[in-house]
Amino acid sequence: MNIQTVLDHLRGRDDQVLFAEAEAVKHAVFGRQVYLRGIVEFSSHCCKRCLYCGLRAPNARAVRYRLPPGRVVQAALLAPELGLGTVVLQSGDDYSYDVRTLCDMVRAIKDRSTLAVTLSLGDRPLDELARLRDSGADRYLIKLETTDPGLYARLRPGERLEDRLARVEALRRLGYEVGSGIIVGLPGMTGDILARDVLRLAELDLDMLAAGPFVPHPQTPLGGEPCGGLETTLRVTALLRILSPRSNIPATSALNSLPGAGAGPDARARGLHAGCNVIMPSLTPGDVRRGYEIYPGKNVVEAGARQVVSQVRAAIHQEGFVPSAAPGFAPRSTNAAGTARSQAGRGHCGGQERGQVVAD
């Protein structure tokens, strides 16, 4: 697929054909399964200054919290009770958690469950990433937001895209399943930049990909900018699915947070029909959950984790899909450790994990 074809699709040249193809590609690899991955957002502190994020260090009005390690493990271990095969431990770039503490958390979860553990901790030194991998971490998420060097540098002051891309490759060499993604509609993102982002992200050949719409946070320098478009985000998702058939692609929480008609739960449901095969319900304890406000509308649901997961599972069924309790390793994974883990204890049939489907 060349850049002109991507541009044509991003402009809505033939949405019906695009979405149908994306759903067919997803079905050929994953069937009707949707992987459920519980996310524990354990710290809202961040040392970075990204212009688009409500957790940015200069935001004096952000609600800051840090969960103690024991509480992080406790929240994570709700996942198997609720029929989830993966837990995601996520925070801002918060170095108050040293590598020993993080490794202890990972080991405690792995020792007491069969969960796959995904980390989303921002930039960490390579030796720390290696120790976390040795402690049992399976995956690492590290977003790019854009692959345009100039736009990246403007939106992430003091940082370079080439350093972030090097971190992606280092994670892959360490044996992690690696995920990344972009924000659709960032201020300064032209159609050409977005088209190149789609192609570059697919070229990285990652295990997980994500595209979420830009949702401006009023306590950031970009607070007055317009939201990213829902339809454009869904087109990006569909293109990523077609270009990366075996990658896991989540229906992001940002889809729920877009204002206006067609947003909210219906938008995330549309994501499932545009190629997404993962949903990540929050297991963050309710007394701190609202503090993890990357953008407005995130984590506003007052329900407890059990009710949140039940609602997500019901929504998946309503769309004609089946929630899966499998850990959901990418069938396209080429690293030896990831492939061994993904095949352990399950049959391999068309890239799908069988026998771990949760039916209500």
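Structure's up top.
Analysis parameters
Residues numbered from 1 in each chain as written. Predicted model: local features only at pLDDT ≥ 70, side-chain atom pairs only at ≥ 80, totals over all residues. Heavy atoms only, no water. Buried < 20%, exposed > 50% of the residue type's maximum accessible area, 1.4 Å probe, protein only. Helix = DSSP H or I, 4+ residues; strand = E, 2+ residues; numbered from the N terminus. Pairing = 2+ DSSP bridges. Right-handed = clockwise from strand over helix to strand, strands pointing away. Axes fitted to C-alpha atoms, helices over the stretch in contact; angles between N-to-C directions. Parallel < 35°, antiparallel > 145°, perpendicular 65-115°, else oblique. Left-handed = near helix turned anticlockwise from the far one by under 90°. Contact = heavy atoms within 4.5 Å. Nonpolar A, V, L, I, M, F, W, Y, C, P; charged D, E, K, R; others polar. Salt bridge = Lys/Arg side-chain N within 4 Å of Asp/Glu carboxyl O. Polar contact = N/O pair within 3.5 Å; in protein donor to acceptor, adjacent residues only side chain to side chain. Expected span 1.5 Å × (residues − 1).

Draft legend 1. Structural context of the pairing of strand E3 (residues 116-120). Extensive coverage of E3 is indicated by the burial of 5 of its 5 residues. Residue alternation in E3 divides its side chains into two sets, Ala116, Thr118 and Ser120 and Val117 and Leu119, and both sets are buried. Pairing of strand E2 (residues 86-91) with E3 involves 5 bridges; the strand directions are parallel. Residue pairing for E3: Thr86 is matched across the bridge by Ala116. Traced from E2 through helix H5 (residues 99-111) to E3, the parallel crossover comes out right-handed. Of the pairings in the sheet, the one linking E3 to strand E4 (residues 139-141) comprises 2 bridges and is parallel in character.

Draft legend 2. Fine view of the packing of helix H3 (residues 69-76) against H5. For the pair H3 and H5, the least separation of the axes is 10 Å and the interaxial angle reads 30°. The orientation of H3 relative to H5 falls into the category roughly parallel. Here H3 runs over H5; the crossing is right-handed. Contact residues: Pro69, Val72, Val73 and Ala76 in H3; Thr101, Met105, Ala108 and Ile109 in H5. Taken together, the residues of the contact of H3 with H5 break down into 7 nonpolar, 1 polar and no charged.

Draft legend 3. Inspection of unusual backbone geometry at higher detail. A positive phi is found at Glu145, a non-glycine position, where the angle reads about 75°. For Glu145, a relative accessible area of 10% gives the class buried. Of note in the backbone geometry, Asp205 takes a positive phi value of approximately 60° without being a glycine. On the secondary structure map, Asp205 appears in the loop between helix H9 (191-203) and strand E6 (208-213).

Draft legend 4. Looking closely at the pattern of salt bridges. As enumerated under the stated definition, the model contains 21 salt bridges in all. A salt bridge links Glu162 to Arg160; its shortest N-O distance comes to 3.4 Å. On the basis of relative accessibility, which here comes to 51%, the residue Glu162 falls in the exposed class. Since its relative accessible area comes to 45%, Arg160 is described here as partly exposed. When salt bridges that share partners are traced, they join Lys48, Asp93, Asp123, Arg156, Glu159, Arg164 and Arg167 into one network.

Draft legend 5. Layout of the environment of Tyr97. Structurally, the position occupied by Tyr97 is in the loop between E2 and H5. A C-alpha to C-alpha distance of 8.9 Å links Tyr97 and Pro69, two positions 28 residues apart in sequence. Sequence-distant contacts of Tyr97, defined by excluding residues within four places in its chain, comprise Phe42, Ser43, Arg66, Leu67, Leu102 and Arg124. A polar contact of 3.4 Å, which involves the side chain of Tyr97, links it to the backbone oxygen of Phe42. A polar atom in the side chain of Tyr97 sits 2.7 Å from the backbone oxygen of Leu67.

Draft legend 6. How the structure looks around helix H8 (residues 161-173). An ideal rise of 1.5 Å per residue puts 18 Å on 13 residues; H8 measures up with 19 Å between its terminal C-alpha atoms. Along H8, the residues that are buried comprise Leu161, Arg164, Leu165, Val168, Ala170 and Leu171.

Any functional reading would require information beyond the geometric quantities listed.
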